[in-house]
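Structural description and commentary
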Amino acid sequence: MPTIGRESPLVADVAPTAQPAADLRRRLADELTAEGAITTEAVTRAVLSVPRELFAPPGTDPAAVYAAHGVLVTKRGANGQAMSSVSAPWLQTRMIEQARIGPGSRVLEIGSGGYNAALIAEIVGPGGCVTSIDIDADVIDRARASLAATGHPVTVAVTDGTNGYPTHAAYDAIIVTVEAADIPPAWIDQLAPGGVVVVPLRMRGNTRSIAFTRRGDHLAATSMILCGFVPMQGDDAQPEQHLPLGDDTIVLRLDDPTTRVDPAALTAALTGPRLEAWAPVTMPPRTSFETLLLWLASQPVPYGRLILDRDRTADRIDAFAAIIPAFLTADSLAYLALRRLDEHTWQFGGHGFGPDADRVTEQLLDAIAVWNRDHRHGPDPQITVHPAGTTRPATAPGQFVVPRRHTTIALTWPGTGAAA
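Let me begin by describing the structure that accompanies this report. (Residues numbered from 1 in each chain as written. Predicted model: local features only at pLDDT ≥ 70, side-chain atom pairs only at ≥ 80, totals over all residues. Heavy atoms only, no water.)

Quick look at the pairing of strand 8 (residues 206–215)
We count it as follows: Burial classes: relative accessible area under 20% of the type maximum marks a residue as buried, over 50% as exposed, and values in between as partly exposed (1.4 Å probe, protein chains only). For helices the rule is a DSSP run of H or I covering at least 4 residues; for strands it is a run of E covering at least 2, with both sets numbered from the N terminus onward. Following DSSP output, two strands are said to pair if at least two bridges run between them.
Judged by how many residues are buried, strand 8 sits mostly within the fold: 8 of 10 residues are covered. Sheet analysis places strand 7 (residues 191–203) next to strand 8, joined by 8 bridges and oriented antiparallel. In the sheet register, Val-199 faces strand 8, and the bridge partner there is Ile-210. Between the antiparallel neighbours strand 7 and strand 8 lie 2 residues, among them Arg-204 with a positive phi of about 55°.

As structure tokens, then:
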């Protein structure tokens, strides 16, 4: 099966080991360096120095603790969903390098856990300042105890991350380790001149860790990484809308308050015939197509994502993953589909349902074709963030804006619109 990126599972699936922790740290540093998740000596030294096992849930096998793509869940809610975790090492090191910190840097981490703050403290050294905040007192208690055990001088505090932490501002870097739909004013106001804010920003359901710097009256992205994080809590959570389509086996997630659908009509559509259509666009196995997902989310059409119980919906929906993008009308939808032509080739297409299936499926195929022609092998879109209430970027072909409470997020694909 092809891949869409490098999002990690919530629990590392590795064999137990009795290998000493120091050896595991060396192996982890070597693996992260080999795959490009570490490119600087400072981050290598931090990974070799910080005992990650002290930040893991008690009893976690060391092999899972030091799995490069393993996420260690430290707290779950009543519904079993992860509420806090120690992120995968590959993503933590990538985000630290996105922040461009060094000796003497002042850094604010929003969303605590301890291990990431310890890595940052190793890098900034005694001349720097590291503050780690979280809205959950249990998370802060765990982080405080673990950081005390390792001796890293990090200030930890219970507070809503929406407000930042003005006591220690201004910051050379703000690193956000929870999924955010917006960038609150405090995060910008508390940046030092030339500072960087690294945030897993959700754009129509698609989350990327984006490094932003200030450019005049707005922020501009300098790098972007596909990722997944526990959603932000508190006053600025701005969660997605979850609409069950019949039962809990198919849920439509909407991240755009302007999108209006009729859940009952969509539920009925999914019991009807399925239209299948295929684009003349193919790819080899194990190939990332994450830019296609972001391109589809950038189209000026009603858009959502289907969250599936694949085993229980296989008779209706032939899905390549448990989360798939879909174009919508009030009573019809078309989702991105894949089929295997042979052992070397997969083909993109669309499956449509409802009275308007022909039109919405054609829209999806057209978007796939434009991505293949213009953006498949090109650069990522330019992403800028503008204060709400200011003049929004002028939309043009290939440019899309996501309005939020505090800001407007603009995506401009190269060659199709002027950068904002």
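Moving on from the model shown.
Details of helix 1 (residues 21–34)
Owing to its 3.6 residues per turn, the α-helix aligns residues three or four sequence positions apart on the same side. Counted only if it meets this: To estimate the expected span of a helix, subtract one from its residue number and multiply by 1.5 Å. Within this analysis, the arc is defined by the directions that extend from the helix axis to the C-beta atoms.
Between the first and last C-alpha of helix 1 there are 20 Å, a value that for 14 residues agrees with the 20 Å anticipated at 1.5 Å per step. Among all positions in helix 1, only Leu-24, Arg-25, Leu-28, Ala-29 and Leu-32 are buried. What you see down the axis of helix 1 is that its buried residues fit within an arc of 135°, all on one side.

Structural notes on the packing of aromatic side chains
Defined as follows: Two rings from Phe, Tyr or Trp (for Trp, the six-membered ring) form a pair when their centres sit within 6.5 Å of each other. Planes less than 30 degrees apart are called stacked, planes more than 60 degrees apart edge-to-face, and all others tilted.
A full pass over the atoms with the stated rule returns 6 aromatic pairs. Arranged with centres 6.3 Å apart and planes meeting at 25°, the rings of Tyr-335 and Phe-353 form a pair that is stacked. Of the two residues, Tyr-335 sits in strand 15 (residues 333–342) while Phe-353 sits in strand 16 (residues 345–353), which places them 18 residues apart along the sequence. With a relative accessible area of 0%, Tyr-335 lands in the buried category.

Here we look at empty space enclosed by the protein
Cut-off, in case you're wondering: Whether a set of points on the 1 Å grid over the protein atoms alone is a cavity depends on a 1.4 Å probe fitting there but being unable to get out, while an open set qualifies as a pocket with protein on both sides within 12 Å along at least five of seven lines; lining residues are those with an atom within 4 Å of a point. Grid points are joined across faces, edges and corners, and a volume is the space filled by probe spheres set on the points. Throughout this entry, Asp, Glu, Lys and Arg are counted as charged residues, while Ala, Val, Leu, Ile, Met, Phe, Trp, Tyr, Cys and Pro are counted as nonpolar. The remaining residues, Gly among them, count as polar.
Here the structure, examined in full by the defined rule, presents 1 cavity of 30 Å³ or more. By volume, the largest cavity amounts to about 50 Å³. Around the largest cavity, the lining residues are Phe-55, Thr-74, Ser-84, Ser-85, Val-86, Gly-113, Val-139, Arg-142 and Ala-143. Where the lining of the largest cavity is concerned, the elements lending two or more residues are strand 2 (82–86) and helix 6 (137–150). Residue classes in the lining of the largest cavity are distributed as 4 nonpolar, 4 polar and 1 charged.

Describing the sheet that holds strand 10 (residues 241–245)
Remark on secondary structure: sheet strands pair via backbone hydrogen bonds, oriented parallel or antiparallel. Going by this rule: Angles run from 0 to 180 degrees between N-to-C directions of axes, and those axes are lines fitted to C-alpha atoms, restricted for helices to the stretch in contact.
Strands sit in the order 10-11-13-14-15-16-12 across an open sheet of 7 strands; the sheet is antiparallel. Where the open sheet ends on each side, the last strands, each with one partner, are strand 10 and strand 12 (275–283). Ignoring strand direction, the axes of neighbouring strands in this sheet form an average angle of 35°. For strand 11 (residues 247–254) and strand 13 (residues 303–308), the ladder comprises 4 bridges, and the chain directions are antiparallel. Bridge pairing in strand 13 links Val-251 to Ile-307.

Some remarks on the nonpolar core
Our working rule: Nonpolar cores are built from buried Ala, Val, Leu, Ile, Met, Phe, Trp, Tyr and Cys residues. Side-chain atoms within 4.5 Å join them into one set. It only takes one pair of heavy atoms within 4.5 Å for two residues to be counted as in contact.
In terms of nonpolar packing, the biggest core is built from 80 residues, with Trp-187, Phe-212, Phe-289, Leu-306 and Phe-348 touching the most fellow members. With residues up to four places along the chain from it excluded, the contact list for Phe-212 reads Ile-183, Gly-195, Val-196, Val-197, Val-199, Leu-201, Leu-219, Ala-220, Ala-221, Ile-383 and Val-385. By size, the runner-up hydrophobic cluster in this structure holds 47 residues, among which are Ala-29, Phe-55, Val-65 and Val-196.

With respect to unusual backbone geometry
Put simply, Ala-169 and Ala-170 share a cis peptide bond, and its omega is 15°. Here Ala-170 shows up in the loop between strand 5 (154–158) and strand 6 (171–176). Phi is positive for Arg-100, which is not a glycine, with a value near 55°. Residues other than glycine seldom take positive phi values, yet Gln-238 does so here, at roughly 45°. One can find Gln-238 in the loop between strand 9 (218–226) and strand 10. Of the residues examined, Gln-238 reaches a relative accessible area of 13% and is grouped as buried.

Some words on the packing of helix 2 (residues 41–49) against helix 5 (residues 115–124)
Threshold: Angles are sorted into four bins: roughly parallel if under 35 degrees, roughly antiparallel if over 145, roughly perpendicular if 65 to 115, and oblique for all others. The hand of a helix crossing depends on one turn: near helix anticlockwise from the far one by less than a right angle means left-handed, and clockwise means right-handed.
Running from N to C, helix 2 and helix 5 cross one another at 125°; their axes reach a closest spacing of 9 Å. In terms of orientation, helix 2 and helix 5 fall into the oblique class. The interaxial crossing formed by helix 2 with helix 5 has right-handed handedness. Contact with helix 2, carried on its side by Ala-42, Val-43, Ala-46, Val-47 and Ser-49, involves Leu-119, Glu-122 and Ile-123 of helix 5 and no other residues of that element. Residue composition of the contact of helix 2 with helix 5, grouped by class: 6 nonpolar, 1 polar and 1 charged.

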